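Here's the letter readout for the chains.
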Amino acid sequence: MSMDRIYEEYVDRIIKFGAENERTRIALDRAIDSYRKNRANALKKFPHTITLAEEVRKIKEYSISHMDELRKSACDAIEENHGHCYLAKTKEQAYSIFEDLVGRNKTIVKSKSLTSEEIHLRQFLESMGNEVYETDLGEFIVQLLNTRPMHILSPAINIPREDVARLLSDFTGESIPPDIAKEVATVRKILREKYFKADIGINGANVISADTGTMFIIENEGNARLSIGAPPVQIALIGIEKIVPTLNDAFKTAEVTWRYANYRIPAYVNLISGPSKTGDIEKVTTYGAHGPRELHVVFLDNGRSEMAKHPVYREALYCLRCGACLYECPVYAVTAGHYGQQYMGGIGTIWDAFTTVGFEGAAPEAYTCLRCGRCKVMCPLGIDTVTMVTQLRKDLVSRGLVPQPVREFAEEILELAKNGVR
Ligand code: SF4
Ligand code: SF4
């Protein structure tokens, strides 16, 4: 697609489906209020999180400087635990690994993973004739809508309950009222049988330790533990930036992630280091007890090593994907995830430039950011998105990739975002 076409489509989406959509605004207003109250309560109850976040920043700085070495250690640990480990340098390599592991005509249950969204894994698996169910409630709604997630953690943040009721009524053929508890119960009923029918469960991870090969999957719904615990085969797709040196580092990283993601304590933290096993009969270790008998871990590079080499952009790899910055961004507050191509917000602009649409595709996003710096203030790790976006603009100018009408668009966004400042 030409740069001008990318630009036109992006502007159309961000203005028409985001800023001028009243329903998006209603849903975002509700979500932002709820997030702020919950985060304030969580930090009041657990004030040590602030200093813990400073420690996690140092862990991430070290980890990103030693990504390759940590990935090799993590793979050794996973293999020692009787799992299988792979490295996909590109999206195409990831597809090829999944094609070999999954094959065709399988039923798959999948828990939420932005890394899988990055490479459109569900769509790829479906194109091979597999039946794939997103099991996170928000992702399930996004799948039914055939759209993309609008927030790092709350994929359907822009869909008000009234729209969800209509969508579920269409899907089930029953009349579902706009009552959130009834909507949740409906999705529970739809997905319940799928977990035990599925051949394969697919998951991402919030963090993984190199010394023990233990992946942490933070969740509230219980869908992740069902989708990775019930099927006979588990496959994890994990970005190489998620690896930290030790299990203790992973605990610290996970705690900061969930606290800023809105949780005092999440309902579940799943720790998985290998396939299920038992030694209960004569102390003979046998794999495939009640949980999956196979575990495959696919590490994805897809531009991350390039990002790590750059003195400014490498900071984007520290991102915990807690989503805190999005709730405070004045542009996001009026546009939701339309501010972005695959990833979202200012931090997502850098991720998009390296992993999904390239510098050319990310150009409109670079000029959507107001460079106000609110995201840095709200980020637990103090990630400096403004400096990265400024660097991206400089690189776009030097590569001749700035679309002609970009200045007028930036002014229009500034006007719209004034409504988003709260
Ligand atoms: S600097 Fe950009 S991404 Fe960050 S809060 Fe401001 S507008 Fe949003
Ligand atoms: S940039 Fe910071 S606040 Fe935003 S998602 Fe990443 S870690 Fe969270």
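For the structure itself, consult the block above.
The structure presented is a predicted model; accordingly, all values stated were derived computationally and were not measured. In every chain, residue numbers begin from 1 and rise along the written sequence. Labels are handed out in written order, letters beginning with A for the chains and numbers beginning with 1 for the ligands. In keeping with the predicted nature of the model, local features appear solely for residues at pLDDT of at least 70, side-chain atom pairs appear and are counted solely at 80 or more, and the whole-chain, interface and lining totals rest on all residues. As a convention, hydrogens and water are excluded, and side-chain values are obtained from all of the structure's heavy atoms.

1. Re the site of ligand 1
We call a residue near a molecule or strand when any one of its heavy atoms sits within 4 Å of it. Taken together, Cys329, Pro330, Tyr339, Gly346, Cys369, Leu370, Arg371, Cys372, Gly373, Arg374, Cys375 and Val386 are the residues near ligand 1. Partitioning the shell around ligand 1 into residue classes produces 8 nonpolar, 2 polar and 2 charged. Under this grouping Gly is polar, as are all residues other than the nonpolar Ala, Val, Leu, Ile, Met, Phe, Trp, Tyr, Cys and Pro and the charged Asp, Glu, Lys and Arg.

2. A few points about the site of ligand 2
Residues in close proximity to ligand 2 total 12 residues, the closest being Cys319, Cys322, Gly323, Cys325 and Cys379. Only protein atoms enter the calculation, which uses a 1 Å grid: trapped sets of points that fit a 1.4 Å probe without letting it out are cavities, open sets showing protein on both sides within 12 Å along at least five of seven lines are pockets, and any residue with an atom within 4 Å of a point is a lining residue. By definition, a pocket or cavity contains a molecule when more than half of the molecule's atoms lie within 2 Å of the pocket's grid points. Put simply, ligand 2 lies in the second largest cavity. Here the shell around ligand 2 is composed, by residue class, of 10 nonpolar, 1 polar and 1 charged.

3. A look at helix 5 (residues 91–102)
Put simply, DSSP H or I for four residues or longer makes a helix, DSSP E for two residues or longer makes a strand, and each gets a number counted from the N terminus. The span you would expect from a helix comes to 1.5 Å times its residue count less one. Taking 1.5 Å as the rise per residue, helix 5 with 12 residues should run 16 Å; its terminal C-alpha atoms sit 16 Å apart, in good agreement. Considered for burial, the residues of helix 5 that qualify are Ala94, Tyr95, Ile97, Phe98 and Val102. Projected onto a plane normal to the axis of helix 5, the buried residues spread over an arc of 165 degrees and lie on a single side. Exposed side of helix 5, more than 90 degrees from the buried face: Glu92 and Asp100 are the residues found there. Note on contacts: a residue pair is in contact if any heavy atoms of the two residues lie within 4.5 Å. Looking at the buried side of helix 5, the elements it contacts are strand 1 (84–88), strand 2 (107–110), helix 7 (121–127), strand 4 (200–203), strand 7 (233–239) and strand 12 (294–300). Among the residues trailing helix 5, glycine 103 stands out with phi positive, at a value near 70 degrees. Burial classes follow relative accessibility: with a 1.4 Å probe on protein chains only, a residue under 20% of its type's maximum area counts as buried, one over 50% as exposed, and anything between as partly exposed. In this context, the arc is that of the directions from the helix axis out to the C-beta atoms.

4. Considering the sheet that holds strand 9 (residues 268–272)
Across a sheet, strands are paired by hydrogen bonds formed along the backbone, either parallel or antiparallel in direction. One bridge is not enough; two strands pair if DSSP finds at least two bridges between them. Pairing is mixed in the open sheet, where 4 strands are placed in the order 8-5-6-9. Each end of this open sheet is capped by a strand with a single partner; those strands are strand 8 (243–244) and strand 9. The pairing of strand 5 (residues 207–209) with strand 8 spans 2 bridges and is parallel. Across the sheet, the residue bridging to isoleucine 208 is isoleucine 243, located in strand 8. Throughout, an axis means a line fitted to C-alpha atoms (over the contacting stretch in the case of helices), and angles, computed between N-to-C directions, take values from 0 to 180 degrees. Where helix 12 (residues 247–260) meets the sheet, its contacts fall on strand 5, strand 6 (215–219), strand 8 and strand 9, and the angle it forms with strand 6 comes to roughly 20 degrees.

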